[in-house]
Number of protein chains: 2
Amino acid sequence: MNTFRLLTLAGGLSIAAPGLAQQTAEKVDQAAIAKIKDEGMNRSKVMETAFYLTDVCGPRLAGSDGLKRAYDWTKTRLTQYGLTNASLEPWGEFGRGWDIEKSYVAMTAPYYHTMIGAPKAWTPSTSGSVKKQVAYVKAITEAELDRYKGQLRDKIVVLEVATPPKEGFEPDAKRYTDEELKKMADGTPAARPAATGTPATSEADRMATYRARLALRTKMTEMMMSEGAAAVLSTRGGSQGTFFTSNGAPYAPDAKPVLPEIEMSPEDQLRIIRLVEAGIPVEVEMETKTRFQTQDLKGYNVIAEIPGTDKKLKSEVVMLGGHLDSWHAATGATDNAAGCAVMMEAVRILKASGLKPRRTIRIALWSAEEQGLFGSRNYVKNHFADPATMKLLPEHEKLAAYFNLDNGGGKIRGIYQQSNEAVAPIFTAWLAPFTDLGATTVTPRNTGGTDHLSFDAVGLPGFQFIQDPLDYGTRTHHTNQDTYDRLIPEDLKQASVVVASFVYHAATRDQKLPRKPLPAATAKAQ
Amino acid sequence: MNTFRLLTLAGGLSIAAPGLAQQTAEKVDQAAIAKIKDEGMNRSKVMETAFYLTDVCGPRLAGSDGLKRAYDWTKTRLTQYGLTNASLEPWGEFGRGWDIEKSYVAMTAPYYHTMIGAPKAWTPSTSGSVKKQVAYVKAITEAELDRYKGQLRDKIVVLEVATPPKEGFEPDAKRYTDEELKKMADGTPAARPAATGTPATSEADRMATYRARLALRTKMTEMMMSEGAAAVLSTRGGSQGTFFTSNGAPYAPDAKPVLPEIEMSPEDQLRIIRLVEAGIPVEVEMETKTRFQTQDLKGYNVIAEIPGTDKKLKSEVVMLGGHLDSWHAATGATDNAAGCAVMMEAVRILKASGLKPRRTIRIALWSAEEQGLFGSRNYVKNHFADPATMKLLPEHEKLAAYFNLDNGGGKIRGIYQQSNEAVAPIFTAWLAPFTDLGATTVTPRNTGGTDHLSFDAVGLPGFQFIQDPLDYGTRTHHTNQDTYDRLIPEDLKQASVVVASFVYHAATRDQKLPRKPLPAATAKAQ
């Protein structure tokens, strides 16, 4: 899931229209559901798939070797499951690939301490192993930044820790309570969790702060480059050795150079800062070796199909997907090997249980979601419509629905209507057989942050499921601890059968899912 | 705090005798307490002390350079506080010092992944940087171990992960509830938390399992050495990048050689194990550089005094202390810089508030507690009595009380009577002024695990306070995350004033604290 999108889009809400919900009884195929549950709960392969995506393929940053391994493995595995037309479909130019070949960082004075960190994505290598004095730069305005002029040459620059580690009185992981689910069903707006120690602010304020920080960071980078600093240590937060990772430089082939930079465990960075502030010189040794790949700048999605069996309807398509790419400091288990493993398991279940969907079912494993939903956006643009012009391509009318999974490893508790009132009674009926598995809630709330938005943006019915949060927001999302260990098998099995059933029903009902009115073109008429 | 001791001694209980508790009204000096609270809450230095002990001195493994820095810094600082006779008092021979000069471990195939770990204490260096195939050894019997014969030459051996990472549904940190404190006060036996997924077992069973594992591990080490393995990766558990550290080899100067060994984050180790078990070859690169010190094999305690002011009583002594040594992968903030910082703060408060204790107050910062309470045991043997013979030295009758702090960074909620019924009314009276600060409970329960036991073992009144557990048991105790960040200033301030008051009152009441009957000598008569 892509943080920036979540920030900008999570606020939207539609108003529920419960009066409309009971007009026609939606058909539910109980026999099919029994087969799906039997296959998915008793002969699950979802953890095996998750193992291959995470441990075997490794980190899957857009353009990386790990993502290439995942492209190949998923394409092969989907073919082995009996899907057809499995392919790597290029969606356009992404940029440079980038992989880590070495990462080492330690404090070497006042005493030795090996530290926890990883190179920020797309940052260059250090010149071998470098051992330098540290300079601490703390600035939130340009004037403050200017004070460091002339002090950074040949230094390893340590930046401020904006988010201190947690004390641990709250559990990392939680499930939605009945009360929370009821509020979602009622359409009560979501309470936005206030950041620790800071008062609640408006969305506009938050975006303004974010942009100001980004702008200052750009200036800092320019200054550190021109001053001749050796490297940077920074952190975006975390706790107890868990740290968040992000983008350190543009992936564009013509991107401006930046310094080598390691994103750090906040505890390790704070120790350095406390020492420097007490006047105790700190020396750091670090070595990062990163490798850029410019042979193939294209991005790909992995696509495969279960052909429809109804002569009239098989040209129509039900899609399901999740993004295959991840951040680089862990193996992207909950973001989003979990979603991909569940989607792959859903199509495996459908093939293995011998069901005959009327429409064609197409799985898509997207890439470069983390950089801006690029895989799904370009797929939509290439196949359905460009939101800029809203000129519809012929496939636009053929898409019955798109289902996405990308909110961590938690089991499915329901689904977001995404402002589409007409789907409420349909989803309510489809969820009913899964009450015993905890999936109960259709919410009029919108949700953002991931690839269903690419479909929604051109008026196609794209949906994301409600998932138990577990430790996604606190511990795994974009961190160095997003590993296989965080996945809970029963949650992924449950999600697989719910998705399989939704996809099957969408592929089998008489009509495609109802659509919202087409949005206006986002580009101004020329 | 020393785990092994806790395991063997935490079960003991005495029965409360509340009828005795009200015989004489214990005097409480409210004016002194007001001064202590004012100094300790409004002009605290406890976090500054904690900073120097942790960040500045660094890890303080017995015999290490970090412990030497802490010896010198505490001796100097206690003198600056106005204490007299500050000295490093040798207690006997400890063994070799050991420091880490480099620690690096990464998976280099099937892809690169930098891993989280630290050399096990007292293990030797690797021969520079070594890059080897991994062999996974999983054995709980000697027969199982034998199956690996002939397979370990030149391999990095990965051992089993006995304790899987937590899911995170429970908070790391907690405080005692009123109900839990009431049960302590009532003398209800402590519920032993069952290890995750295993049924409750008896103390004897646990010790038998522990000894069997230790014996097998010794055989493993012999086999790995004789087979010519290159190094070992092991883990004692942890979660999300936090790992536990321990002793990898004897510190005795004539200890048998062992292999280089890194204690790992369980997530990193489990990834390797899953890959190997799936038949995927794993290569690991590692470099550890450790340094042994054999110039000075002695152990020291840091001692300093506030002389008593009453002509008759000043030859009597009230002691307070905690252990200065720590494990090596972090800075031992909660185990036990916190306890030392509080004890140093307590004597600072007493000096600064100008109070005139009648007895002499002596602070002791112990060493090699983690290896078996060696600093305090030998101090007791040198000054008071050897528990083997129970021949009392002259100082034995002069010790009024010993107070210890070593259960993490949590505030004081009360005190353990340590089977000494007669102290209950005294401690109850002394705690009363701290009800507003959450210190309320005198429990007949015993507690073990740390240096008060050395005094208790020769019939001297030695006590440990009840402290809020916070994240001591889950996240910091003996881990790589036991850092300054985990300390909560308000907790340490509170503890400092409670200790200062207890020490002041023990140094000022007419009688020394009541004693239990002398224990029998532990050695058989010759």
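Since the structure is predicted, the reported quantities are computational estimates derived from the model, not experimental observations.

Undergrad: Before we go on, may I ask you to explain the sheet that holds strand β7 (residues 231-234) of chain B in this structure?
TA: Within a sheet, adjacent strands bond to each other through the backbone by hydrogen bonds, running parallel or antiparallel. Residue and element names in this part refer to chain B. Sheet architecture is open: 8 strands sit in the order β3-β2-β9-β5-β6-β7-β8-β4, paired in mixed fashion. Because the sheet does not close on itself, it has two edges, and the strands there are β3 (113-114) and β4 (117-119). Note that strand β5 (residues 130-137) and strand β9 (residues 283-293) share 4 bridges and pair antiparallel. Within the sheet, the bridge partner assigned to V130 lies in β9 and is M286.

Undergrad: Would you mind showing me how to read the pattern of salt bridges here?
TA: Once the charged atoms of two side chains with opposite charge are near each other, the side chains can pair. Within the structure shown, the criterion is met by 75 salt bridges over all chains. In this structure, the salt-bridge partner of E39 of chain A is R348 of chain A, at a minimum N-O distance of 2.8 Å. Of this pair, E39 of chain A sits in helix α2 (residues 30-42) while R348 of chain A sits in helix α9 (residues 333-352), placing them 309 residues apart in sequence. R348 of chain A carries the same exposure label as E39 of chain A, and that label is buried. A salt bridge links K174 of chain B to E180 of chain B; the nearest nitrogen and oxygen atoms lie 2.9 Å apart. According to the relative accessible area criterion, E180 of chain B is partly exposed, its value standing at 29%.

Undergrad: When you look at the relation of the copies chain B and chain A in this model, what are you seeing that I'm missing?
TA: The operation relating the two chain copies consists of a rotation about an axis and a shift along that axis. Between the two copies, chain B and chain A, the superposition gives an RMSD of 0.0 Å; the rotation angle is 180° and the shift along the axis is 0.0 Å. This pairing of chains is accounted for by a two-fold axis. Taking C-alpha positions as the reference, the residue of chain B nearest the rotation axis is P171 of chain B, at 1.9 Å. Comparing interface residues between copies, 100% of those in chain B also lie at the interface in chain A; the contact surface is shared.

Undergrad: What exactly am I supposed to notice about helix α14 (residues 489-506) of chain A here?
TA: Residues three or four positions apart in an α-helix share a direction because the helix packs 3.6 residues into each turn. For α14 of chain A, which comprises 18 residues, the first-to-last C-alpha distance of 26 Å matches the rise-based estimate of 26 Å (1.5 Å per residue) to within 8%. Within α14 of chain A, 16 of the 18 residues are buried, which leaves it mostly tucked inside the rest of the structure.

Undergrad: Sorry, what's going on with the environment of E395 of chain A here?
TA: All names here are of chain A. Within the secondary structure, E395 sits in the loop between α10 (374-383) and β13 (399-404). For E395 and G58, which are 337 residues apart along the polypeptide, the C-alpha to C-alpha distance reads 35 Å. Those residues in contact with E395 that lie beyond four places of it in its chain are R362, H383 and F384.

Undergrad: Explanation requested: the interface of chain B and chain A in the structure shown.
TA: It is common to give the size of an interface as the accessible area lost on bringing the parts into contact. Counting residues at the interface gives 53 residues for chain B and 53 residues for chain A. With both chains or domains summed, chain B and chain A bury close to 4,100 Å², and 56% of this area falls on carbon and sulfur atoms. It is F169, Q240 and R274 of chain B that lose the most area in chain B upon contact with chain A, and together they represent 15% of the buried surface on that side. Our count for the contact surface shared by chain B and chain A stands at 6 salt bridges.

Undergrad: So what exactly am I meant to see when it comes to the UniProt feature "domain: Peptidase M28" (unreviewed entry) in chain A here?
TA: According to UniProt, the positions carrying the feature "domain: Peptidase M28" (unreviewed entry) are residues 301-502 of chain A. Note that residues 301-502 of chain A is 31% helix and 20% strand, and that its end C-alpha atoms are spaced 22 Å apart.

Undergrad: Is there a simple way to explain the domain arrangement of chain A in this structure?
TA: Residue and element names in this part refer to chain A. The domains assigned to chain A are domain 1 (37-94 + 297-411 + 449-506) and domain 2 (97-168 + 193-293). Each of domain 1 and domain 2 was reduced to a C-alpha centroid, and the two centroids are 33 Å apart. With 22 residues of domain 1 at the contact, the number on the domain 2 side is 24 residues. A buried area of about 1,800 Å², summed over both sides, lies between domain 1 and domain 2, and 54% of it is on carbon and sulfur atoms. Looking at the side of domain 1 facing domain 2, the largest losses of area belong to H328, R475 and N480, adding up to 28% of the total buried there. On the surface where domain 1 and domain 2 come into contact, there are 1 salt bridge. The shortest N-O distance in the salt bridge between D65 and R291 comes to 2.9 Å. Sorting elements by how many residues they give to the side of domain 1 that touches domain 2 places helix α4 (residues 65-80) first, with 3 residues. Taken together, the residues of the side of domain 1 that touches domain 2 break down into 7 nonpolar, 11 polar and 4 charged.

About the criteria used
Residues numbered from 1 in each chain as written. Chains lettered and ligands numbered in written order. Predicted model: local features only at pLDDT ≥ 70, side-chain atom pairs only at ≥ 80, totals over all residues. Heavy atoms only, no water. Pairing = 2+ DSSP bridges. Helix = DSSP H or I, 4+ residues; strand = E, 2+ residues; numbered from the N terminus. Salt bridge = Lys/Arg side-chain N within 4 Å of Asp/Glu carboxyl O. Buried < 20%, exposed > 50% of the residue type's maximum accessible area, 1.4 Å probe, protein only. Least-squares fit on C-alpha atoms with pLDDT ≥ 70 in both. Contact = heavy atoms within 4.5 Å. Expected span 1.5 Å × (residues − 1). Buried area = accessible area lost by both parts, 1.4 Å probe. UniProt positions renumbered as here; feature names shortened; annotations may be inferred. Domains from an automatic or database assignment. Nonpolar A, V, L, I, M, F, W, Y, C, P; charged D, E, K, R; others polar.

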